[in-house]
Amino acid sequence: MKVSCHWLKEYIDLEGIKAEVLAEMLTRGGIEVDGIENRNQGVDGVVVGYVISREKHPDADKLSVCVVDAGTGERLQIVCGAKNVDAGQKVPVALVGAVLPGGLKIKRAKLRGVESQGMICSARELGLNDKLLPKEQQEGILVLPESAPVGKPIVELLALNDNVLELDLTPNRSDCLSMLGVAYEVGALTGRPVKLPDNAVHHAAERADRHFQVRIEAKEQCSHYAARYIKGVAIGPSPLWLQSRLMAAGIRPINNVVDVTNYVMLEYGQPLHAFDADKLEGGRIEVRLAREGEELTTLDGQKRKLEPHMLVIADAAKPVALAGIMGGADSEVTGNTVNLLLESARFDGGAVRRTSRQLGLRSESSLRFEKEVDPERVLPALDRAASLIAELAQGLVAEGVVQDKTAPGEAREIIVTLDKINRYLGTGLSKMEVQTIFGRLQFESEVGDDGVFRVTPPSRRGDIVRDVDLIEEVARLYGYDNIPTTAIEGRTTPGGLTKPQAIRRGLRRLLADAGLHEAVSYSFTSPAGAALFPQLTDASRPIRLAMPMSEERSVLRTSLLPQLLDIAVYNRNRKTNDLALFEIGSVFHTQEEELTRQPKEKHRLAVLLTGNRRQAGWNRTAEPFDFYDAKGVLESVFASVGLAEDVEYEAAAPEHFHPGRTAAIRLRTERGAEPIGYVGQLHPSLQSEYGLADTYVLEIDLEPVYERADFNIRYRQLPRYPASERDLAVVVDRGVETARLTAAVREAGGDLLESVRLFDVYTGEKLGEGKKSVALALVYRHPERTLTDEEVAERHAAVVKKLEQSFSAELRK
Amino acid sequence: MGALSAEERPVVGQVANEVREAIEAVIQEKQEAFARLETESRLRAETIDVTLPGNAPAAGSIHPLNRIVQEIEDIFIGMGYTVAEGPEVETDYYNFEALNLPKNHPARDMQDSFYITEELLMRTQTSPVQVRTMKAMNGRTPVKVICPGKVYRRDDDDATHSFQFNQIEGLVIDKHIRISDLKGTLLQFSRQMFGSQAQIRLRPSFFPFTEPSMEVDVTCVQCGGSGCRMCKHTGWLEILGCGMVHPRVLEMGGYDPEEVTGFAFGMGVERIALLKYGIDDIRHFYTNDLRFLNQFGRL
């Protein structure tokens, strides 16, 4: 809503209140002022001039030489380039010395040899928004009404010395979609009284109901429909003062009748519509739902198919308007219109909203109806418009309002106690203070000795329904700055994180400390992205947004990896080739084709490593990432949650992973070894598709980790007896997984074997085709005594034997 | 020695010993001196350029949005709050209806949503977690939670808008919660977050799930309130919305509004991060340019 201060002064005294102060006052009171626009963009020294004569420029086809009387006492010769300039016009003349928006100074000049003593201005040159001008004035110079007095400053004539406040209204304060509503608000804030506009109708003797009848059929969707009949209007442009006000409010003037309906809508917040009465058939207006197959061409020229839930205004034969949204083109007020039917009604907000949404058709009118208009302004606004049309378009208003209405709603009395107000706010307001606030708001209120207030808010404040709404009014007028600052009383509570929250936080720290950067990516991806790693999606069906913003972001992510790949590509395109990234976030899985319940949201951890783990430095060469870096990240993750011993890795070949360099990860739980994710290299063909170097990734479900994580540290006594260390190197087939070797060593080593550590894997020609050498360091220890050499030798021999038997291992000597 | 008499022997022996000791002492001294010299020369040879760069372990970082979330969480945990979470795909009921936004409510215009089906959508706010928390508490008091999380709104991306962003919402319910308590809580939070000099001011606003509703401004972090470009010369920055929990919302959450009152507040994590780090474009958070992420590696 744009509020012209100049206009607002009609309803409330703004003496001594600057626009900036008013804006701040409104904002602090809850009506946010987004900006203040001065309508005068820098015009000075421009006056009304009369074009006495216009001749063609002797040396230029497109220029005219005009003689102008601008009230300066001399005849000015002005060269003008506009096509529409003509003798007999009143025009804005920038005199020599005048300033125009943008700082342009008007000087005496010669144009193609002819002297020009000023400039005739277009609307745009005066800083007016030409989109808001009547169509005929959008091009060429601005032609002023004949009545404009010669010599009068244009700034005064067009009321340009005006500040316009741009209100950013919250949905509950639709009462301020009207100048009067804003005036009441300013009244409440300043304590100044509101002056209502004059809406006395001087009617003719002829009765309106002789011409037509009104009936509301759709009583749920319309509670009041009122109309007046106005005869013999002379359609023409509105006076400048009215045009200026509409333009200040951002509405383009059209003609005196339409302008009045818009003006009164802005004044009262009550949308109005004027029909050409002679285009309506059958002397009957019906407010009803559209019938199957009905159509209506609206004012914007669009033919619209109506549906049976849409509310229309109809004459005896057909729909003539979309109720509260837009009139029909057939009954539009035109230059030939003589008789009017002027409508003021209260349509149901929900009904208007639904139709307006469905048709994608929103108007200043629908905007107001959607938020419910004041039931008590239907008639005053109708009368105000009728009286203005009588005045400005010489219409004769017929006697009487023809109307139909459902039973009026009861006045709402709301009860609130002084005690509740003070308890809610933490204040110690007195009865008197609260009563003064209600008084300033013009809320009727009574208060008893017991501190119980009975308040009847005015109908314009439909947002005041409950006691807490009244408390808010008290709070905002008392001022939030005046409310004290206190600490919560009552029981204290221990704060903290849940186990999963603590784990996620710990992992972030752990991984960041390990040199990885955390990424946060979008939860929406492309259908291709969601299908890239099927083995990571738990056979989920894609979950598609009903109205995605783009195909690239149309489905919910099923894995974190596709986005990490995109991020890697993004960085690689910016010459960042070495990347260690992780993300912790949710993926969305469902087995349903059509979603009927919420999908499973799984917290996951994903890691991407590509390029070098260490860049080359002065004392080292570059070290590229490999599979074991990714696996190492996982090992430290599991160690940090006490699960180092509970994880298994097994070679696997999920889609789009390198078939020889990928492992399935399983976590041992009570339910057995559960698959929780994969770690591996991307398939080389995918890497080249993305233009990435060797890239290692992993993704795991965090839920099983939350469940199994063990933070209980139990101290184990430090060993008191010495250990015996034995190294062992065996040659085995290359395909033998070392995890199986170490498992066999553990089994054979039994209770005496404290640890086994793999410290070398070697392949070479000397070993023979398909063979590898694995070197292990074994530590034997007994907790309660020193082991003898014989005991160690015996157990170690068993270990060797086990390896020989199980893997045809050959002991390297 | 054999030529000496028995009397002379001890005397000469003693002299000889003394001589030997003297010689040995000299030798030892020389040896030590040589050793010292050798050590010194070796150490000289081992001298390195201490100004060459060290072998720092690789440095990573926590994403700035999560840094902010953790910082805010910690402030409220210190005030006795726990952290609650909820699903990102929400039902229309929890996202809107239980928050006093029935279907066709004009305030639903305020946030265009990503629906999946008629009943399921990407949550547009973290407020549904409030409702879920209330229901889980089953009428018990006090309730003191904050709810961080991702939310989604149909918004064209630009420097200050992102269709995906993060919110942190707070909810307190107890017997006698007042607006003055809300003011106190937010002032304490603002001072911990933005510095001990920070002031706050409340402006009336509207949210369907709170009444009264307010917007909260904090002293501009850039100019300290004297006015600058960042705060559009007002000295204030809008950082959060808040209010007293609407009686309808309390009822739907299983509380009697005549028995208990509560306050709720919510803020945008991106906005706080933009302000706190002086970041100029919200899209940086989601492009994950390493040159951006790298800047958030501090403790």
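Note that this is a predicted model, so its numbers are computed, not measured. As a convention, each chain's residues are numbered from 1 in the sequence order in which they are written. Chain A is the first chain written and ligand 1 is the first ligand written, with later ones labelled in order. Under the rules for a predicted model, residues below a pLDDT of 70 receive no local features and side-chain atom pairs below 80 are neither given nor counted, while totals for whole chains, interfaces and linings still include all residues. Heavy atoms from the whole structure form the basis of all side-chain values; hydrogens and water molecules are not counted.

## A word on the overall build of chain A
Next up, step 1: Helix and strand definitions here come from DSSP, where helices need a minimum of 4 consecutive H or I residues and strands a minimum of 2 consecutive E residues; each element is numbered from the N-terminal end. A count of helical and extended segments in chain A gives 20 helices and 42 strands.
Next up, step 2: In terms of overall size, chain A is more extended than a compact globule, its C-alpha atoms giving a radius of gyration of 42 Å where 813 residues would be expected to give roughly 28 Å.
Next up, step 3: Based on the C-alpha atoms only, the size of chain A along its principal axes is roughly 130 × 85 × 60 Å.
Next up, step 4: The 813 residues of chain A split such that 52% are buried.
Next up, step 5: Pairs at least 24 apart in sequence give 70% of the contacts found in chain A among residues at least 6 apart.
Next up, step 6: Note on areas: these come from Shrake-Rupley sampling with a 1.4 Å probe, and a residue is covered only by the protein chains present in the view. Carbon and sulfur atoms make up 47% of the accessible area of chain A, which totals about 37700 Å².
Next up, step 7: Asp and Glu are treated as the negative residues and Lys and Arg as the positive ones, with His and the ends of the chain left uncounted. Note on charges: their place is set at NZ of Lys, CZ of Arg, CG of Asp or CD of Glu. Of the side-chain charges in chain A, 103 are positive and 119 negative, and the distance between the mean point of each set is 3 Å. To get the radius of gyration, use the C-alpha atoms; to get the globule rule, take the number of residues to the power 0.38 and multiply by 2.2 Å. Note on classification: 1.4 Å probe, protein chains only; a residue is buried when its accessible area is under 20% of the maximum for its type, exposed when over 50%, partly exposed between these limits. Any two residues having at least one pair of non-hydrogen atoms within 4.5 Å are treated as being in contact.

## Structural notes on the UniProt feature "domain: B5" (unreviewed entry) in chain A
Next up, step 1: UniProt positions are given in the numbering used here, feature names are shortened, and annotations may be inferred rather than shown by experiment. Within this numbering scheme, the UniProt entry marks residues 409–485 of chain A as carrying the feature "domain: B5" (unreviewed entry).
Next up, step 2: The straight-line gap between the two end C-alpha atoms of residues 409–485 of chain A is 41 Å; of that span, 39% is helix and 17% is strand.

## Some words on the sheet that holds strand S4 (residues 143–152) of chain B
All names here are of chain B.
Next up, step 1: Strands are treated as partners if at least two bridges between them are detected by DSSP. Strand order in the open sheet made by the seven strands is S1-S4-S5-S9-S8-S7-S6, with mixed pairing throughout. Each end of this open sheet is capped by a strand with a single partner; those strands are strand S1 (82–83) and strand S6 (200–207).
Next up, step 2: Bridge count between S1 and S4: two bridges; the pairing is parallel. Bridge pairing links valine 83 to isoleucine 146 in S4.

## Digging into the interface of chain B and chain A
Next up, step 1: If you look at the interface, chain B gives 90 residues, while chain A gives 92 residues.
Next up, step 2: By buried area we mean the combined loss of accessible area, with a 1.4 Å probe, across both parts when two parts are placed together. For the chain B and chain A pair, buried surface summed over both sides reaches about 7800 Å², with 53% attributable to carbon and sulfur atoms.
Next up, step 3: In terms of surface lost to chain A, no three residues of chain B exceed Arg178(B), Pro204(B) and Leu290(B), which account for 8% of the buried area on that side.
Next up, step 4: The term salt bridge refers to a pairing of a side-chain nitrogen on Lys or Arg with a carboxyl oxygen on Asp or Glu at a separation within 4 Å. Joining chain B to chain A, the criterion identifies seven salt bridges.

## Thoughts on the pattern of salt bridges
A side chain of one charge can pair with a side chain of the opposite charge if their charged atoms are brought near each other.
Next up, step 1: The full count for this structure, using the stated rule, is 79 salt bridges over all chains.
Next up, step 2: Glu364(A) is the salt-bridge partner of Arg368(A), the closest N and O atoms lying 2.8 Å from each other. Placement of both Arg368(A) and Glu364(A) in helix H8 (residues 364–370) is noted, with a separation of four residues, approximately one turn of the helix.
Next up, step 3: As a salt-bridge pair, Glu648(A) and Arg668(A) come within 2.5 Å of each other at their nearest N and O atoms. Separated by 20 residues along the polypeptide, Glu648(A) in strand S35 (residues 647–651) and Arg668(A) in strand S36 (residues 657–669) bring together distant segments of the chain.
Next up, step 4: You can call Glu648(A) partly exposed: its relative accessible area is 27%.
Next up, step 5: On the accessibility criterion, Arg668(A) (32% relative accessible area) is partly exposed.
Next up, step 6: Each of Glu24(A), Glu32(A), Arg201(B), Arg203(B), Glu215(B), Asp217(B) and Glu238(B) takes part in a single network of salt bridges with overlapping partners.

## Quick look at the confidence of the model for chain B
Residues and elements named next belong to chain B.
Next up, step 1: On average, residues of chain B carry a pLDDT of 92, and 98% of them reach 70 or more.
Next up, step 2: For every residue, the pLDDT score states the predictor's confidence, bounded by 0 at the bottom and 100 at the top. In the model of chain B, helix H1 (residues 8–45) stands out as the element of lowest mean pLDDT, 91, in contrast to helix H2 (residues 64–78), which has the highest, 97.
Next up, step 3: Reported for the predicted complex are a pTM of 0.87 and an ipTM of 0.91.

## Focus: H2(B)
Residues and elements named next belong to chain B.
Next up, step 1: Given a helix with a known number of residues, its expected span is that number minus one, times 1.5 Å. Look at H2: 21 Å from first C-alpha to last across 15 residues, which is about the 21 Å you get at 1.5 Å a residue.
Next up, step 2: Extensive coverage of H2 is indicated by the burial of 12 of its 15 residues.
Next up, step 3: What H2 keeps buried is the set Pro64, Leu65, Asn66, Arg67, Ile68, Val69, Gln70, Ile72, Glu73, Ile75, Phe76 and Ile77.
Next up, step 4: After H2 finishes, the residue glycine 80 shows a positive phi value of roughly 95 degrees.

## Regarding a nonpolar patch on the surface
Next up, step 1: Taken together, the side chains of Val11(B), Val12(B), Val15(B), Val19(B), Ile23(B) and Ile27(B) make up a nonpolar region of the molecular surface, amounting to roughly 480 Å² of accessible area.
Next up, step 2: Given a relative accessible area of 44%, Val19(B) falls into the partly exposed group. Patch membership requires more than 30% relative accessible area and the absence of a salt bridge. Residues of like charge join within 9 Å; the nonpolar side chains Val, Leu, Ile, Met, Phe, Trp and Tyr join within 5 Å.

## So, the nonpolar core
Next up, step 1: Side-chain atoms within 4.5 Å link the members of a nonpolar core, which is a set of buried Ala, Val, Leu, Ile, Met, Phe, Trp, Tyr and Cys residues. Ranked by internal contacts, the top residues of the largest apolar core, which has 174 residues, are Leu8(A), Leu165(A), Met122(B) and Phe265(B).
Next up, step 2: In this structure, Phe265(B) is in contact with Phe76(B), Tyr81(B), Ile146(B), Ile168(B), Glu169(B), Gly170(B), Leu182(B), Leu186(B), Leu240(B), Gly241(B) and Cys242(B), ignoring residues within four places of it in sequence.
Next up, step 3: Core analysis: the second largest hydrophobic core is formed by 36 residues, Ile216(A), Cys222(A), Tyr225(A) and Ala321(A) among them.

## As for the domain arrangement of chain A
Next up, step 1: On domain assignment, one finds that chain A holds domain 1 (2–39 + 163–190), domain 2 (44–157), domain 3 (203–405), domain 4 (414–482), domain 5 (499–708) and domain 6 (724–811).
Next up, step 2: A separation of 57 Å is found between the C-alpha centroids of domain 2 of chain A and domain 4 of chain A. Segmentation of the chain into domains, including their bounds, is taken from an automatic or database domain assignment.

## Let's talk about unusual backbone geometry
Next up, step 1: Pro142(B) follows Thr141(B) through a cis peptide bond whose omega is -10 degrees.
Next up, step 2: If you trace the backbone, Pro142(B) turns up in the loop between helix H4 (127–137) and S4.
Next up, step 3: With an omega dihedral of -5 degrees, the bond running from Glu211(B) to Pro212(B) counts as a cis peptide bond.
Next up, step 4: Its location among the elements puts Pro212(B) in strand S7 (residues 210–219).
Next up, step 5: Although it is not a glycine, Glu372(A) adopts a positive phi angle of roughly 70 degrees.
Next up, step 6: For Glu372(A), the location among the structural elements is in the loop between H8 and helix H9 (378–392).
Next up, step 7: Accessibility expressed as a relative area gives 36% for Glu372(A), which makes it partly exposed.

## Notes on the packing of aromatic side chains
Residues and elements named next belong to chain A.
Next up, step 1: Aromatic pairs are defined between Phe, Tyr and Trp rings, using the six-membered ring for Trp, whenever the two ring centres lie within 6.5 Å; interplanar angles under 30 degrees are classed as stacked, those over 60 as edge-to-face, and all others as tilted. Under the defined criterion, the tally for this structure stands at 25 aromatic pairs over all chains.
Next up, step 2: Measuring from centroid to centroid gives 5.0 Å for phenylalanine 627 and tyrosine 628, while their planes differ by 85 degrees, and the two rings are edge-to-face.
Next up, step 3: Looking at tyrosine 628, the relative accessible area reads 60%, which means it is exposed.
Next up, step 4: Note that arginine 460 overlies the ring of tyrosine 184, its terminal NZ or CZ placed 3.8 Å from the centroid.
Next up, step 5: Sitting over a ring, as applied to charges here, requires NZ of Lys or CZ of Arg to be within 6 Å of the ring centre and within 35 degrees of the ring normal. The aromatic ring of tyrosine 649 is capped on one face by lysine 631, whose charged end is 4.3 Å from the ring centroid.

## Points about the UniProt feature "binding site: Mg(2+)" (unreviewed entry) in chain A
All names here are of chain A.
Next up, step 1: UniProt records the feature "binding site: Mg(2+)" (unreviewed entry) at Asp463, Asp469, Glu472 and Glu473, using the numbering of this structure.
Next up, step 2: With respect to the helices and strands, the residue aspartate 463 is situated in the loop between strand S27 (452–456) and helix H12 (467–478).
Next up, step 3: Since its relative accessible area comes to 19%, aspartate 463 is described here as buried.
Next up, step 4: Not counting residues up to four positions away in its chain, the partners in contact with aspartate 463 are Asn172, Arg173 and Asp469.
Next up, step 5: Polar contacts, as counted here, are pairs of nitrogen or oxygen atoms within 3.5 Å of one another; within protein the pair requires one atom able to donate a hydrogen and one able to accept it, and residues that are adjacent in sequence qualify only if both atoms are side-chain atoms. Side chain to side chain, aspartate 463 and arginine 461 meet in a polar contact 2.9 Å long.
Next up, step 6: As for its position among the elements, aspartate 469 is in helix H12.
Next up, step 7: With a relative accessible area of 6%, aspartate 469 lands in the buried category.

## Let's talk about the side chain of Ser773(A)
Residue and element names in this part refer to chain A.
Next up, step 1: Here serine 773 lies in strand S41 (residues 771–780).
Next up, step 2: Within the structure, serine 773 has its side chain in polar contact with the side chain of arginine 812 (distance 3.1 Å).
Next up, step 3: Contacts of serine 773, omitting those with residues within four sequence positions, involve Ala729, Val730, Val731, Asp760, Val761, Tyr762, Leu767 and Arg812.

## Observations concerning the UniProt feature "binding site: Mg(2+)" (unreviewed entry) in chain B
Next up, step 1: In this structure's numbering, the residues bearing the UniProt feature "binding site: Mg(2+)" (unreviewed entry) are Glu211(B).
Next up, step 2: Within the secondary structure, Glu211(B) is located in strand S7.
Next up, step 3: When its relative accessible area of 6% is taken as the criterion, Glu211(B) is described as buried.
Next up, step 4: If we ignore the near neighbours within four places in the chain, the residues touching Glu211(B) are Tyr424(A), Val468(A), Asp469(A), Glu472(A), Met244(B) and His246(B).

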